[in-house]
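# Coordinates in review
If you want the building blocks of each chain, they are given just below.
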Amino acid sequence: MGLRDWLGLRHELPQRRRLVLVILSFVLPLAVWSIISYVPWIWHPLIRVTDPGGVDYFMNGMEIDRAAFARESANAVKAGLKAPQGYRVNPVYIQPPHAVARAFYTAFTSPPLLPTEPWLYQSLGHSIRTIFWGFVASSILGLPLGILCGTYRFFAKLQEPFIEFFRYLPAPAFGALCVAILGIDDPPKIAIIFIGTFFQQVLVIGNTVRKVDPALIEAAQTLGAKGWRLLFNVVIPATIADIYTDMRILLGWAWTYLIVAEVVGTMSGITYFIYQQARYRHYDNVYAAIGMIGIIGLTTDMTLAWLGTVLFPWKRRTRKAKQTEPKTLSPEHQTVSSVLTGAAHPESAPANSNPPASNLAGESPRPITAKA
Amino acid sequence: MTFAPLKLPDYHEQSPEVAARFRRIRERPVVMKVRDLHKTFGTNGSGHIAFEKMSLDVHRREFICIIGPSGCGKSTFIRIAAGLEESSGGEILIDGKPVCGPGPDRGMVFQGYTLFPWRTVKQNVMFGLKMRGQDHATADAEARQWLDMVGLAKFEGAYPHELSGGMKQRVAIARALANEPRILLMDEPFGALDALTRCKMQSYLMQIWKKVDVTVLFITHDLEEACYLADRIVVMGTNPGRVLEVIENPMPRPRTMDQLISPEFLALKHRLDELIHSPSETEEKLHLIKLTQAGDEVE
């Protein structure tokens, strides 16, 4: 097993190795995190006091900078007092993996500290609702508009220049406006997600639709399709799977606008939860909440990707098909050659009443009627 | 290089049976009439000439091959016939009606298969029938018959990407024929296939043509293919693109692969060769610097 097996340029990796690497991609950052959290002599810039000793302002459980601790400790010893005791810790905003892992569970089970605060599941629900409505609103307009822009030059020229300009305006910049127009509750948040998604959506989908193979459209035209039938029977089905992929990516973008959107007006959803927990110095919950966004995003995306393979079976590339094909062809080919020599051409056998038996003959839907 | 001159019959020489066959063909109604058709790319006269004025009468159930080197305008011609491009002048009449845009009366088979990847084999064949407004059950039954005819009934549920090139092209032929076109336009349909598959496809096509009332206009750059398939061969040349000659194929039908070494075939092929590969082209000398020391091993 040489280095080349792992690092060959564009070298395909076997399933086992791919799996190993996928696991490693998560394990490596986790390992770095664990080392920083658990190995006392790596970083740990603070000392938690267990015994104040002779330092008058030290208290049990107090965390103090290592340099300050050493200085006070030296002063105390010089003054003939008892040296303070303590151990090295990380600052509270670095939480060890086990605490965060625990918080994934406890954050859900622990009731909010104030009666007005929502539970975690309510915060998450609120965020998902905001994303959902923002994305749906954007898609209801953006999807048809994108398809029109991709199909008809008219719409492309009419819409796209302005949209190109507008998409450079950062969505958060509209926060104040949205609040002024839509109030302080959910509507401005949904509007921010809409602004962040919609303009990209029109352009991305327009581009995807534009990439439809013109030969397919020509083929459909020679088969008698025209006008809106061409749009609904060729352009849209030809691109629907790619549009679906675009939508998945755009949904990811919508998530990145979530935090900004939730700060607008009254803070809500998962953002409110995160800020509130940070205020209580429950940093384990903060990490857990951030992690949950990642997990929700990734699971949604993977579910949608899987759903895509169910919805669009022609995108599933089967490798077996090509290998089995010659077998299915060969017996037929034998009969074909025998037909070829045995069959009579209409010219030499004008009667055509005895069509030669073959599996190619079948029942001709339209028998030959023309005899000059 | 000197060879003993090969005794070949003149390519015009037809056996009485073949001559009689062409007489019968000429008596049939004209399906497609091309009158003074020409095409120039670019603006008013200054542009590149795709092909000069050409005229052609295609009779019912005739098999016409158009052959020529690349750049002779043969593909442009067939695209104009399909209605996918506009001509610069002249007209094409199908059953007396001028061609105006693509339509189901002219079926087209492309080199690149152009099957709809999101439709199964059967749904592909049903496409034209549905566009014509047939109800699902009728279209389904008819599509099945056409698939049966091209020997792909077993694959009706498969998606195009699961098929080989030859099978895809058979589906494309079935799809075009299902519309019952007056004329089937084929633009180098077997050009992308390997030699063996191409051979098979040629005999499939012959069999299909025997069974179906359809006129075929077939573009190719393969001389043997043209000789094997065509009733008449339209030879086109380049610079500018134009029709050099329309040859009545003297080979009798039914044709077999054995005929590919018959004197008639060789004569025809020789003539096509002469027309297409003009001496000035083949004898072009390259300015080569000698980079070998291997002596006379290569001649």
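Residues numbered from 1 in each chain as written. Chains lettered and ligands numbered in written order. Predicted model: local features only at pLDDT ≥ 70, side-chain atom pairs only at ≥ 80, totals over all residues.

## Digging into the overall build of chain A
- Tallying secondary structure elements over chain A gives 13 helices and three strands in all.
- By the burial criterion, 26% of the 372 residues in chain A qualify as buried.
- Across chain A, every contact between residues at least 6 apart in sequence was considered, and the portion connecting residues at least 24 apart equals 68%. (Helix = DSSP H or I, 4+ residues; strand = E, 2+ residues; numbered from the N terminus. Buried ≥ 20, exposed ≤ 12 C-beta atoms within 10 Å, placed from the backbone. Contact = placed C-beta atoms within 7 Å.)

## Some thoughts on the environment of Glu63(A)
Residues and elements named next belong to chain A.
- If you trace the backbone, glutamate 63 turns up in strand β2 (residues 63–65).
- The sequence separation of glutamate 63 and asparagine 90 amounts to 27 residues, and the corresponding C-alpha distance is 9.4 Å.
- The residues contacting glutamate 63, other than those within four sequence positions of it, are Leu46, Arg48 and Val89.

## Here we look at the pairing of strand β8 (residues 215–220) of chain B
All names here are of chain B.
- Judged by how many residues are buried, β8 sits mostly within the fold: six of six residues are covered.
- Bridge analysis of strand β3 (residues 63–67) against β8 gives five bridges, and the strand direction is parallel. Among the inter-strand pairings, isoleucine 67 is bridged to a residue of β8, identified as threonine 220.
- Alignment of strand β7 (residues 183–187) against β8, held across five bridges, turns out to be parallel. Paired with aspartate 187 across the two strands is isoleucine 219, which belongs to β8.
- Once you follow β7 into helix α6 (residues 195–211) and on to β8, the crossover reads as right-handed. (Pairing = 2+ DSSP bridges. Right-handed = clockwise from strand over helix to strand, strands pointing away.)

## Structural notes on the domain arrangement of chain A
- Along its sequence, chain A is organised into domain 1 (33–94) and domain 2 (101–314).
- For domain 1 of chain A versus domain 2 of chain A, the separation of C-alpha centres amounts to 48 Å. (Domains from an automatic or database assignment.)

## Quick look at the sheet that holds β3(B)
All names here are of chain B.
- If you trace the six strands from one edge of the open sheet to the other, you get β6-β7-β8-β3-β9-β10, paired in mixed fashion. Strands with a single pairing partner mark the edges of an open sheet, and in this sheet they are β6 (106–109) and β10 (242–248). Mean inter-strand twist for the sheet, computed between neighbouring axes without regard to direction, equals 20°.
- Of the pairings in the sheet, the one linking strand β9 (residues 232–237) to β10 comprises six bridges and is antiparallel in character. The residue bridging methionine 236 from the neighbouring strand is valine 243, located in β10. (Axes fitted to C-alpha atoms, helices over the stretch in contact; angles between N-to-C directions.)

## Observations concerning the packing of helix α10 (residues 228–263) of chain A against helix α11 (residues 269–279) of chain A
All names here are of chain A.
- Here α10 crosses α11 at 70°, and the two axes come no closer than 8 Å. The angle between α10 and α11 falls in the class roughly perpendicular. Touching Ile259, Glu262 and Val263 of α10 are Gly269, Thr271 and Tyr272, all from α11.
- For the contact of α10 with α11, the residue count by class is three nonpolar, two polar and one charged. (Parallel < 35°, antiparallel > 145°, perpendicular 65-115°, else oblique. Nonpolar A, V, L, I, M, F, W, Y, C, P; charged D, E, K, R; others polar.)

## Section: the confidence of the model for chain A
Residues and elements named next belong to chain A.
- Across chain A, the average pLDDT comes to 83, with 85% of residues at 70 or higher.
- Predicted confidence in chain A is weakest over helix α13 (residues 320–342), with a mean pLDDT of 38, and strongest over helix α8 (residues 186–210), with 95.
- Contacts of residues 319–372 to residues separated by more than four positions or lying in other chains number 69 contacts, the stretch itself having pLDDT below 50. (pLDDT = per-residue confidence, 0-100.)

## With respect to the sheet that holds strand β2 (residues 49–59) of chain B
All names here are of chain B.
- The antiparallel open sheet is built from four strands, whose spatial order is β2-β1-β4-β5. In the strand order of this sheet, the two ends are held by β2 and β5 (97–98), each with one partner.
- In terms of strand pairing, strand β4 (residues 89–94) meets β5 through two bridges, oriented antiparallel. Looking at the pairing, leucine 93 lines up with proline 98 of β5.

## Remarks on the nonpolar core
- By size, the foremost hydrophobic cluster in this structure holds 120 residues, and its most contacted members are Ile193(A), Ile64(B), Ala174(B), Leu217(B) and Phe218(B).
- The dominant element in this core, judged by the number of residues it contributes, is α8(A), at twelve residues.
- Counting 13 residues, the second-largest nonpolar core is a separate cluster that includes Ala103(A), Ile274(A), Ala289(A) and Met292(A). (Core = buried A, V, L, I, M, F, W, Y, C linked by C-beta atoms within 7 Å.)

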